[in-house]
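Close look at the chain arrangement
Each chain, written out:
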Amino acid sequence: MQPRVILTDIEGTTSSISFVKNVLFPYARKALPGFIATHGNEPDVRRWLAAVATEIGGACQDSLVAETLQGWIDQDRKHTALKALQGKIWETGYRNGDYKAHFYPEVTAVLKGWHAAGLPLYVYSSGSVPAQKQFFGFSDAGDLTALVSGWFDTEIGGKREAESYRRIVDAIGVPAGEILFLSDVVEELDAARDAGLQTRLLDRLDDYPLPRSGEATHGHERVENFQQIAF
């Protein structure tokens, strides 16, 4: 069945894992203590700091919260509070021109083609919605936010949980079987398939030097780039 909607991941799917790990993560890690010292009393920052403090044992100094968040960055932990704070920090880097978000060369042309054909695109990433918008807005291919019809992050649920995709289906308002989810993570695709979505596994050589095949794909159709995505 030809999909009516595309739902895509970012890291490892539209964009390289190395950009996130080697550029964005170190930038946020270095900036975290100063960011918290400067903005820690702002309500939309304090709520996330409080969430972290609660998780690590209740009332604690901001310095300990900052150290905890830096540890989570090192672990690549998909925690909503961390992602929200990272997004706020990354915005400064984008606006200062410290970096531009990476997109694989073929992705922009394919996304524009889908958009021109009237195929809506939605994004579901572990990065916060503001961070997603920055990623698309400050990309190495220019501002791509107009190509996206909607954004989802882990506030709707974890990416390896089928219920998250059911909530996304309800939000989009299209039957699950008519939505195609793109990701490089097999467990995410498993959850999406359990919720009734179509799936494609992005298996880029830049990110996965040993191509996944057979049982490693869990039965998801494997493609190496967006140009190979056929309906």
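Provided above is the structure to which this section pertains.
Below or above, wherever it landed, is the structure these notes cover. (Residues numbered from 1 in each chain as written. Predicted model: local features only at pLDDT ≥ 70, side-chain atom pairs only at ≥ 80, totals over all residues. Heavy atoms only, no water.)

1. Observations concerning helix α3 (residues 62-75)
Applied cut-off: In this text, helices come from DSSP runs of H or I with a minimum length of four residues, and strands from runs of E with a minimum of two, each type numbered from the N-terminal end. What a helix should span is 1.5 Å times the count of its residues minus one. Throughout, exposure labels follow a simple rule: accessible area from a 1.4 Å probe, protein chains only, divided by the maximum for the residue type, with under 20% read as buried, over 50% as exposed, and the rest as partly exposed. Residue contacts are defined here by distance: any two heavy atoms, one from each residue, within 4.5 Å place the two residues in contact.
Given a rise of 1.5 Å per residue, 14 residues ought to cover 20 Å, and the 20 Å separating the end C-alpha atoms of α3 matches this to within 8%. Residues V65, A66, T68, L69, Q70, W72 and I73 constitute the buried set of α3. Against α1 (17-39), α2 (43-55) and α4 (80-95) lie the buried residues of α3.

2. As for the nonpolar core
To keep it simple, the criterion reads: Nine residue types can take part in a nonpolar core, namely buried Ala, Val, Leu, Ile, Met, Phe, Trp, Tyr and Cys, and a core is a set of them joined through side-chain atoms within 4.5 Å.
Counting residues in each nonpolar core, the largest one holds 52 residues, and the members touching the most others are L69, W114, F135, F136 and F226. Among the secondary structure elements, those contributing two or more residues to this core are α1, α2, α3, α4, α5 (105-116), β2 (121-124), α6 (129-137) and β4 (179-183). For this core, the element with the highest residue contribution is α1, accounting for 8 residues. Residues contacting F135, with those up to four places away along its chain left out, are I10, S15, F19, V20, L24, Y94, A101, H102 and F103.

3. Re the packing of aromatic side chains
Our working rule: In summary, the pairing rule links any two rings of Phe, Tyr or Trp, Trp by its six-membered ring, whose centres are within 6.5 Å, and it sorts them by plane angle into stacked for under 30 degrees, edge-to-face for over 60 and tilted for everything else. In this analysis the charged atom, NZ for Lys or CZ for Arg, is taken to sit over a ring once it is within 6 Å of the ring centre and within 35 degrees of the ring normal.
Counting across every chain of the model gives 14 aromatic pairs. Relative to F135, the ring of F19 has its centre 5.8 Å away and its plane inclined at 85°; by these criteria the two rings are edge-to-face. With a gap of 116 residues between them, F19 in helix α1 and F135 in helix α6 connect regions that are remote in the sequence. Residue F19 is classed as buried on the basis of its relative accessible area of 8%. Three or more aromatic residues joined by ring pairs make a cluster, and in this case those are F19, Y27, Y94, Y99, F103, F135, F136, F138 and W151. The ring of W72 carries R77 above its face, with NZ or CZ at 4.3 Å from the centroid. Looking at K159, its charged tip hangs above the ring of Y124, at a distance of 5.3 Å from the centre.

4. Looking at the pattern of salt bridges
Under the convention used in this document: Definition used for salt bridges: Asp or Glu carboxyl oxygen within 4 Å of a side-chain nitrogen of Lys or Arg.
Within the structure shown, the criterion is met by 18 salt bridges. Where R193 meets D190, a salt bridge forms, and the shortest distance between an N and an O atom there is 3.4 Å. Taken together, the positions of R193 and D190, both in helix α8 (residues 186-194) and 3 residues apart, correspond to about one turn of that helix. The shortest N-O distance in the salt bridge between R222 and E224 comes to 3.3 Å. Judged by its relative accessible area of 27%, R222 falls in the partly exposed class. Connected through salt bridges with shared partners, the residues D203, R212, R222 and E224 form a single ionic network.

5. Quick word on the pairing of β2
For the record, the criterion: Here, any two strands with at least 2 DSSP bridges between them count as paired.
The two faces of β2 match: L121 and V123 on one face and Y122 and Y124 on the other face are all buried. When strand β1 (residues 5-8) meets β2, the two strands line up parallel, connected through 3 bridges. From the neighbouring strand, L7 faces β2, where its bridge partner is Y122. Of the strand pairs in this sheet, β2 and strand β3 (residues 150-152) are connected by 3 bridges, and their pairing is parallel. Counterpart to Y124 in the pairing with β3 is F152.

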